[in-house]
Amino acid sequence: MLRKMKVMMVTDSLQVGGAEQVAVDIANSLDRDTHEVYFCATRCDGLLRSSLKSDVEVMVLERSATWDLLKLLAFGKYVRSEGIDVLHSHGRGTMRFIALCKALGIISAQHVFHDHFGRMHLDRSAGRGLKIPLHRGVDAYIGVESRLCRWAIDTVGLPAAKVSLVRSGVDLERFSTASPIDLREEFDLGEGNLVLLMVANFRPQKDHPTLFQAIAELSKAQQESLRLVVCGSTTADPAYFEGCMEMLERLKIHHLVRTIGVRNDAPALMAGADAGVFSSKNESGPLVLLEYMASKLPFVATETGEIAHAVKDAGVGILTEPRDYLALADGLAALLEMTPEQRAEMGERGRQLVITEFEQHVVVRQVEAIYAQLLRICVPSDAANTQAS
Amino acid sequence: MTPEHPTTTRNRYPRAQCAVSVALCTLNGERWIEQLLDSIASQQRLPDEVVVQDDCSDDNTVVLIEEFSQHAPFEVRLEVNENRLGSTANFAAALTRCRGRFIALADQDDVWYPNKLQRLIDELELDPTVTMAFSDADLIGPEGQPLGHRLWDTRLVGRTLRKRAVVPEELFARRALTTGCTMAVRRRAVAASLPFPAALDNEAAPMRHDRWLSLVAASVGTVRALPESLLGFRVHPDQETGVLVGAQLPRALGRAATAVLSAPVDYSNQTHLARADQLEAAAERANEMGDFEEAHTLTEIANHHRARVQGEGSTAGRLRSIVEGVRAGAYGWDRLGLVAIAGDTVRSVRPGRRSKPDTGMKNGSDSL
């Protein structure tokens, strides 16, 4: 009998975030007949730990700096002692950490880097700080959007054979088993309103102000017919959060909005909402759209990232140009004008699309094929055929 | 949908009604206006409208524009001001009338290359977070002859811009980097910039429309600098924007550096206060649009301008304040920052002079 492949997901933390959720979902859904799964958070623990399956071996390294030598050695020792075959890193900081371990000869495991970088609009460059670790310390590159894959090939100069496009997927089980939370009761939203849920940490990239301005653009009657629940960390960028709160007051819509902080029961919150909303200015995914769809939520969102582009014409949500609050206001107005049946149909279409195209098992087979290719293990050809080229 | 809660306290800028507008301001430009209009009519991507704001020309400019509008492949919307407004207010009036999602600015004396509009609009369409794109230009003489120089280099911004695909608001806050005729702007940035604040007209340090617009654009989005040359920028004695070529450049630079280093205290103080007011106005606009981080950056730079205003304190106290500014990185570490440190140091040890210096450059305070 063949030995199981030992795979370790490596992230900065286990705190709630898109990249971290993708890592957890992959860790949970790798085939247990052929894989043994480990998870390492190199900086800190977090709420997502409770989402990991019980058979996943977890270590939290608590490194304090990028080049924390002691932690680097401890990590290398653990990887060697456990005989890890593949290290799958998420996030550029984590990638550099592992690439350094490889360059120093501390570890020899294959390194798969999963790039979720969401600021390509600001930084399309590739300095030495990225090029060197990507060339010398990464054996396979996974981009969550085609723009990242093009960047990896054209700007970084990685061989196309090393680069794969793997769109994010969603673990439907998390959403099928969630018991809905009654948001109206839990957050004192009153009756008869359409409850919108936005799941996004309070960070500038998520562009809550565009959503708030869009709500302010609606007529008084439209405003009073909706309530917005915002779920996400309020401490990630305190100045930004404070600015958002001041803006709500200035726009006189603070009574329509509840901020509930970071939660680990997003599926239950989604199950209790009437629609999703997402106003980010730039994303590579964004995973949250898949989660809305998995929860049968119709949504209004800005069109940014691979998933938004992929579902654009599928009638599963209303997509508008990022940063354009007038367009987003039109989207919200259109959602409000739909009948409950029309919204339910839209939500159902989203769920079906996730099942056929974005289900976690579809995604994870592509990832398993990349691991197998690195270790030169034979896999079915359809799964292996994921190269971006 | 009738908004009952406008998103800002300022007058609301209406929704876009077409794709691309060109905002053109004119004043006694009969000599070159036809060449410009023909070059706009020859664009690979035509605008939907050209909005002309004439600032009371007393030559044939208006007649020539009206003739052109008879056969133009796009709508030409001409308005003649009742009273002369001056360049900055005139552009504000033109921008207010533009209906496009994207707005390109034009000067009456330039010649656009056929791909100019296409290239700038492509950049804006490619990424919705980009609020402004601008390019370099070739300098041409009064008769259209190439002068062999690039605009960015003659304004001493070439090195700065070529190494950055994205230009942050901090750089626009410290100096003028753009010229209106090289830029195209997303409506979001124009909406945030209008109406132009009164602080732009401060005599001690006026801020031109293009610097204000680019400052606001960088504060409410991303600004991209395209190093290719997309137009011929005409150099002639009557133009508004100061350009120095050949032997003029080192001489004027020397004069400007001397003037900055030896500027009397009261003039220098007025300049800092004017800049602080202008940057605070931009920060307010960014804050209104929800770009809090950018607003904070601008407020910090404005605060530093206020801190540089020199009072009656001791020389040691003034020097200490400069050292603190340097340690905090508030001056920036480019050539301009170093000149500012030197100027502040000179003024803090010999603060006696009182008259306004002559920089020898048109719009010198705005350029440097």
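What counts, and at which threshold
- Residues numbered from 1 in each chain as written.
- Chains lettered and ligands numbered in written order.
- Predicted model: local features only at pLDDT ≥ 70, side-chain atom pairs only at ≥ 80, totals over all residues.
- Heavy atoms only, no water.
- Helix = DSSP H or I, 4+ residues; strand = E, 2+ residues; numbered from the N terminus.
- Buried < 20%, exposed > 50% of the residue type's maximum accessible area, 1.4 Å probe, protein only.
- Contact = heavy atoms within 4.5 Å.
- Areas by Shrake-Rupley, 256 points an atom, 1.4 Å probe, with all protein chains shown as cover.
- Patch = residues over 30% accessible without salt bridge, like charges linked within 9 Å, V, L, I, M, F, W, Y side chains within 5 Å.
- Salt bridge = Lys/Arg side-chain N within 4 Å of Asp/Glu carboxyl O.
- Buried area = accessible area lost by both parts, 1.4 Å probe.
- Polar contact = N/O pair within 3.5 Å; in protein donor to acceptor, adjacent residues only side chain to side chain.
- Nonpolar A, V, L, I, M, F, W, Y, C, P; charged D, E, K, R; others polar.
- pLDDT = per-residue confidence, 0-100.
- Pairing = 2+ DSSP bridges.
- Axes fitted to C-alpha atoms, helices over the stretch in contact; angles between N-to-C directions.
- Parallel < 35°, antiparallel > 145°, perpendicular 65-115°, else oblique.
- Phe/Tyr/Trp six-rings, centres within 6.5 Å; stacked < 30°, edge-to-face > 60°.
- Lys, Arg positive; Asp, Glu negative; His and termini not counted.
- Charge placed at Lys NZ, Arg CZ, Asp CG, Glu CD.
- Right-handed = clockwise from strand over helix to strand, strands pointing away.

1. Quick notes on the overall build of chain B
- Scanning chain B for helices and strands turns up 15 helices and nine strands.
- Counting every position in chain B, which comprises 368 residues, the buried fraction comes to 57%.
- Within chain B, contacts between residues separated by at least 24 positions form 81% of all contacts whose residues are at least 6 apart in sequence.
- With the model as given, the accessible surface of chain B reaches about 15,000 Å², and the carbon-plus-sulfur share is 51%.

2. Re a nonpolar patch on the surface
All names here are of chain A.
- Residues L69, L70, L73 and L104 make up a contiguous nonpolar surface patch of about 430 Å² in total accessible area.
- Looking at where L69 falls in the secondary structure, it is placed in helix 2 (residues 69-82).
- The exposed category is assigned to L69, whose relative accessible area is 53%.

3. A look at the interface of chain B and chain A
- Contacts between chain B and chain A engage 29 residues on the former and 30 residues on the latter.
- Between chain B and chain A lies a buried interface of about 2,500 Å² when both sides are counted; carbon and sulfur atoms form 48% of it.
- A salt bridge links R101 of chain B to E321 of chain A; the nearest nitrogen and oxygen atoms lie 2.7 Å apart.
- At the boundary of chain B and chain A, one finds eight residue pairs in polar contact (both at pLDDT 80 or more).
- Grouping the amino acids of the side of chain B that touches chain A by side-chain chemistry returns nine nonpolar, eight polar and twelve charged.

4. Some remarks on the confidence of the model for chain A
- Residues with a pLDDT of 70 or more make up 95% of chain A, whose mean pLDDT is 91.
- Contacts for the low-pLDDT stretch residues 380-389 of chain A, under 50 throughout, to residues beyond four places or in other chains number 20 contacts.

5. Quick notes on the sheet that holds strand 6 (residues 140-143) of chain A
All names here are of chain A.
- One open sheet holds the seven strands; their spatial order is 3-2-1-4-5-6-7, and the pairing between them is parallel. A strand with exactly one partner marks an edge of an open sheet, and here the two such strands are strand 3 (57-60) and strand 7 (163-165). Going from strand to strand, the sheet's axes swing by 20° on average, the running direction of each strand aside.
- Against the sheet, helix 2 makes contact with strand 1 (5-13), strand 2 (35-44), strand 3 and strand 4 (86-90), and its axis sits at roughly 160° relative to strand 1, the strand it touches most.

6. Brief notes about the confidence of the model for chain B
All names here are of chain B.
- Residues at a pLDDT of 70 or more form 83% of chain B, whose mean pLDDT is 85.
- In this model, residues 1-6 is a region of pLDDT below 50 whose contacts with residues beyond four sequence positions or in other chains number 22 contacts.
- Under a pLDDT of 50 for its full length, residues 353-368 has, in the predicted model, 54 contacts with residues more than four places off or in other chains.

7. Some details on the side chain of R208 of chain B
Residue and element names in this part refer to chain B.
- Tracing the backbone shows R208 in the loop between helix 8 (187-193) and helix 9 (209-219).
- Overall, R208 belongs to the buried group, its relative accessible area being 11%.
- A distance of 3.2 Å separates polar atoms of two side chains, one belonging to R208 and the other to D210.

8. Brief notes about the environment of R343 of chain A
Residues and elements named next belong to chain A.
- Within the secondary structure layout, R343 lies in helix 15 (residues 340-358).
- Its relative accessible area of 13% is what places R343 among the buried residues.
- In this structure, the C-alpha to C-alpha distance between R343 and A275, residues 68 residues apart in sequence, is 8.1 Å.

9. Notes on the packing of helix 4 (residues 128-137) of chain A against helix 5 (residues 146-156) of chain A
Residues and elements named next belong to chain A.
- Closest axis-to-axis distance for the helix 4/helix 5 pair is 11 Å, and the angle between their directions is 100°. One way to sum up the angle between helix 4 and helix 5 is to call them roughly perpendicular. Contacts between helix 4 and helix 5 involve L130, K131, L134 and H135 on the former and, on the latter, W151, T155 and V156.
- Class assignment for the residues of the contact of helix 4 with helix 5 results in four nonpolar, two polar and one charged.

10. A short note on the sheet that holds strand 13 (residues 318-320) of chain A
Residues and elements named next belong to chain A.
- The parallel open sheet is built from six strands, whose spatial order is 10-9-8-11-12-13. Each end of this open sheet is capped by a strand with a single partner; those strands are strand 10 (257-261) and strand 13. On average, each strand axis in the sheet is inclined to that of its neighbour by 20°, with strand direction left out of account.
- Each of strand 8 (194-199), strand 9 (226-231), strand 10 and strand 11 (275-278) is contacted by helix 8 (residues 208-217), which is oriented at about 170° to strand 9, the strand it contacts most.

11. Considering the pattern of salt bridges
All names here are of chain B.
- Under the criterion given, the structure shown has 43 salt bridges over all chains.
- Between E123 and R224 there is a salt bridge whose closest N-O contact spans 3.8 Å. Of the two residues, E123 sits in helix 4 (residues 116-126) while R224 sits in strand 9 (residues 222-234), which places them 101 residues apart along the sequence.
- We classify E123 as buried; its relative accessible area is 8%.
- The class for R224 is buried, based on a relative accessible area of 4%.
- Salt bridges here are not isolated pairs; linked through shared partners, they connect D136, D138, R150, D153 and R162.

12. Focus on helix 8 of chain A
- With ten of ten residues buried, helix 8 of chain A lies mostly within the body of the structure.
- Of all the residues in helix 8 of chain A, the buried ones are H208, P209, T210, L211, F212, Q213, A214, I215, A216 and E217 of chain A.

13. Notes on the packing of aromatic side chains
Residues and elements named next belong to chain A.
- Counted according to the given criterion, the structure contains ten aromatic pairs over all chains.
- Where Y38 meets Y78, the ring centres are 6.4 Å apart and the plane angle is 80°; that geometry is what we call edge-to-face. Taken together, the residues Y38 in strand 2 and Y78 in helix 2 connect sequence positions 40 residues apart.
- Here F202 and F241 contribute two aromatic rings whose centre-to-centre distance is 4.9 Å and whose plane-to-plane angle is 80°, an arrangement assigned as edge-to-face. Note that F202 is positioned in the loop between strand 8 and helix 8 and F241 in helix 10 (residues 238-250), a separation of 39 residues in sequence.
- Taking relative accessible area as the criterion, F202 reaches 0% and is therefore assigned buried.

14. Some words on the side chain of S233 of chain A
Residue and element names in this part refer to chain A.
- With respect to the helices and strands, the residue S233 is situated in the loop between strand 9 and helix 10.
- Polar contacts involving the side chain of S233 include one to the main-chain amide nitrogen of T235, which spans 3.2 Å.
- A distance of 3.2 Å separates a polar atom in the side chain of S233 from the backbone nitrogen of A236.
- Apart from the residues within four sequence positions on either side, S233 is in contact with N201, F202, G261 and V262.

15. Quick look at a negative patch on the surface
Residue and element names in this part refer to chain B.
- A contiguous patch of negative charge on the surface is contributed by E34, D38, E66 and E67.
- When contributions to the negative patch are tallied by element, the ones reaching two or more residues are helix 1 (33-41) and helix 2 (61-71).
- With respect to the helices and strands, D38 occurs in helix 1.
- We classify D38 as partly exposed; its relative accessible area is 42%.

16. Remarks on the pairing of strand 1 of chain A
Residues and elements named next belong to chain A.
- Burial within strand 1 is extensive, with eight of its nine residues counted as buried.
- With helix 1 (residues 18-29) bridging strand 1 and its parallel neighbour strand 2, the resulting β-α-β unit is right-handed.
- Note that strand 1 and strand 4 share four bridges and pair parallel. Along strand 4, the bridge assignment pairs V7 with V86.

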